[in-house]
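A structural walkthrough
Below are the chains, spelled out letter by letter.
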Amino acid sequence: MKTRTISASDVTDAIEQLIREASFNLPLSVVKRLDEMIETETTETARDTLRLLKENGAIAATEGLPLCQDCGMVIVFVEIGSGVIIGGSLDEAVNRGVEKAYRACYLRKSIAGDPLRRNNTGTNTPAFIHVEHAGEGRLGLTVFLKGGGSENMSSLKMFRPTATEEMILDHIEKAVVEAGPNPCPPLFLGVGIGGTADTALLNAKKAVLRGPGSRHPDPFYAALEDRIMERVNRTGIGPLGFGGRYTAAGVFILEAPTHIATLPVALNMTCHSLRYRRTEL
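The paragraphs below set out a description of the structure included in this document. (Residues numbered from 1 in each chain as written. Predicted model: local features only at pLDDT ≥ 70, side-chain atom pairs only at ≥ 80, totals over all residues. Heavy atoms only, no water.)

**Focus: the packing of helix α6 (residues 165-179) against helix α8 (residues 219-233)**
Where α6 contacts α8, the axes come no closer than 10 Å and their chain directions differ by 40°. On the basis of their axis angle, the class for α6 and α8 is oblique. The hand of the α6/α8 crossing is right-handed. In this structure, α6 contributes Glu165, Glu166, Leu169, Asp170, Ile172, Glu173 and Val176 to the contact, and α8 contributes Phe220, Leu224, Arg227, Ile228, Arg231 and Val232. Within the contact of α6 with α8, the residues separate by chemical class into 7 nonpolar, no polar and 6 charged. (Axes fitted to C-alpha atoms, helices over the stretch in contact; angles between N-to-C directions. Helix = DSSP H or I, 4+ residues; strand = E, 2+ residues; numbered from the N terminus. Parallel < 35°, antiparallel > 145°, perpendicular 65-115°, else oblique. Left-handed = near helix turned anticlockwise from the far one by under 90°. Contact = heavy atoms within 4.5 Å. Nonpolar A, V, L, I, M, F, W, Y, C, P; charged D, E, K, R; others polar.)

Pasting the structure below:
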């Protein structure tokens, strides 16, 4: 097996650049999804709201302004292959990139170093880093910026394994209704099904990174995504809670094997500004 060394400074530079791109530029797939919803919304208020969201994205890109005043916590997914050696501490390299980006771009720093004493770290670090194995020689980096408003609407329910799909749909609909306008719909809704409680919650975050316009490769789960989308959009909450057809812009399921006695279902509600970027070194 060949080894490949990647310098810590290259990781730092990549993280800084990904944060810059995600903070000021909507992914093209998100812009396309906004256009689709504008064309098919049912009320003028909802259409105007979606147009304003699209305009916000355009202003952010041209003026170099953050897409949202909540510049988010930084979640980093690292895919590292066998034979890859980082020339230094991976965590330190990632956090240096976060600090550089938030300082240079004047992004709001929102991380409390202690959850109860609430001391702001002043650097938006530490990032929340998740590492998994990948193909030989690969180093993939994904940055996902998540605001506090939508993160507060996260949920986990430990169903009994005898739960029906209808019970799961009811739970998801109820959670979205209770969230109302708080996560800034239309939502990109990630659903983690199976695994352990913590696995389901992480998979709910990873699921939305499949991106708008994609479908689950398994027809069974693709159909379930469609059913969830239909149920959520029947609630009428609409863009930013002003009413309309689109409470959800997309639904993404990521499933995992689980214990015979458990059935965890986790929800990750992500706002209309799905802020993420990927690269490979």
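**What to know about the sheet that holds strand β10 (residues 275-280)**
Strand order in the open sheet formed by 4 strands is β4-β2-β5-β10, and the pairing between neighbours is mixed. Edge positions in the sheet fall to β4 (128-134) and β10, since each has one partner strand and no second. Put simply, the sheet's adjacent strands are angled 15° from each other on average, direction ignored. This element, helix α4 (residues 90-104), spans β2 (73-81), β4 and β5 (139-146) of the sheet and lies at about 140° to β2. (Pairing = 2+ DSSP bridges.)

**Section: the pairing of strand β3 (residues 84-87)**
Every second residue of β3 is oriented toward a common face, the buried set being Val84 and Ile86 and the non-buried set Ile85 and Gly87. In terms of strand pairing, strand β1 (residues 4-7) meets β3 through 4 bridges, oriented parallel. Residue pairing for β3: Ser7 is matched across the bridge by Gly87. (Buried < 20%, exposed > 50% of the residue type's maximum accessible area, 1.4 Å probe, protein only.)

**Quick notes on the pattern of salt bridges**
Tallied over the full model, the rule gives 26 salt bridges. Of the charged contacts, one joins Asp35 and Lys54 as a salt bridge, the two residues approaching to 2.6 Å between their closest N and O atoms. Placement of the pair is Asp35 in helix α2 (residues 28-40) and Lys54 in helix α3 (residues 44-63), with a sequence separation of 19 residues. Judged by its relative accessible area of 30%, Asp35 is partly exposed. Across the pair Glu92 and Arg96 runs a salt bridge whose closest N-O atoms are separated by 4.0 Å. Linking Glu92 with Arg96, this pair stays in helix α4, spanning 4 residues, or about one helical turn. Members of the salt-bridge network, linked through shared partners, are Glu165, Glu166, Asp170, Glu173, Arg227 and Arg231. (Salt bridge = Lys/Arg side-chain N within 4 Å of Asp/Glu carboxyl O.)

**Thoughts on the side chain of Ser23**
Its location among the elements puts Ser23 in helix α1 (residues 8-24). A relative accessible area of 3% means that Ser23 is categorised as buried.

**Describing unusual backbone geometry**
Pro126 follows Thr125 through a cis peptide bond whose omega is 5°. Mapped onto the secondary structure, Pro126 falls in the loop between α4 and β4. Here the residue pair Pro185 and Pro186 is connected by a cis peptide bond, since its omega of 15° sits within 30 degrees of zero. You can see Pro186 is positioned in the loop between α6 and β7 (187-194). Despite not being glycine, Asn124 shows a phi value in the positive range, around 65°. Within the secondary structure layout, Asn124 lies in the loop between α4 and β4.

**Some details on the sheet that holds strand β9 (residues 263-270)**
Spatially, the 4 strands line up as an open sheet ordered β6-β9-β7-β8, and their pairing is mixed. The strands lining the two open edges of the sheet, one partner per strand, are β6 (155-159) and β8 (248-256). Averaged over neighbouring strand pairs, the angle between their axes works out to 15° when direction is ignored. Bridging between β7 and β9 involves 6 bridges; their strand directions are antiparallel. Residue pairing for β9: Ile193 is matched across the bridge by Val265. Across the face of the sheet, α6 comes into contact with β6, β7 and β9 while running at roughly 30° to β9.

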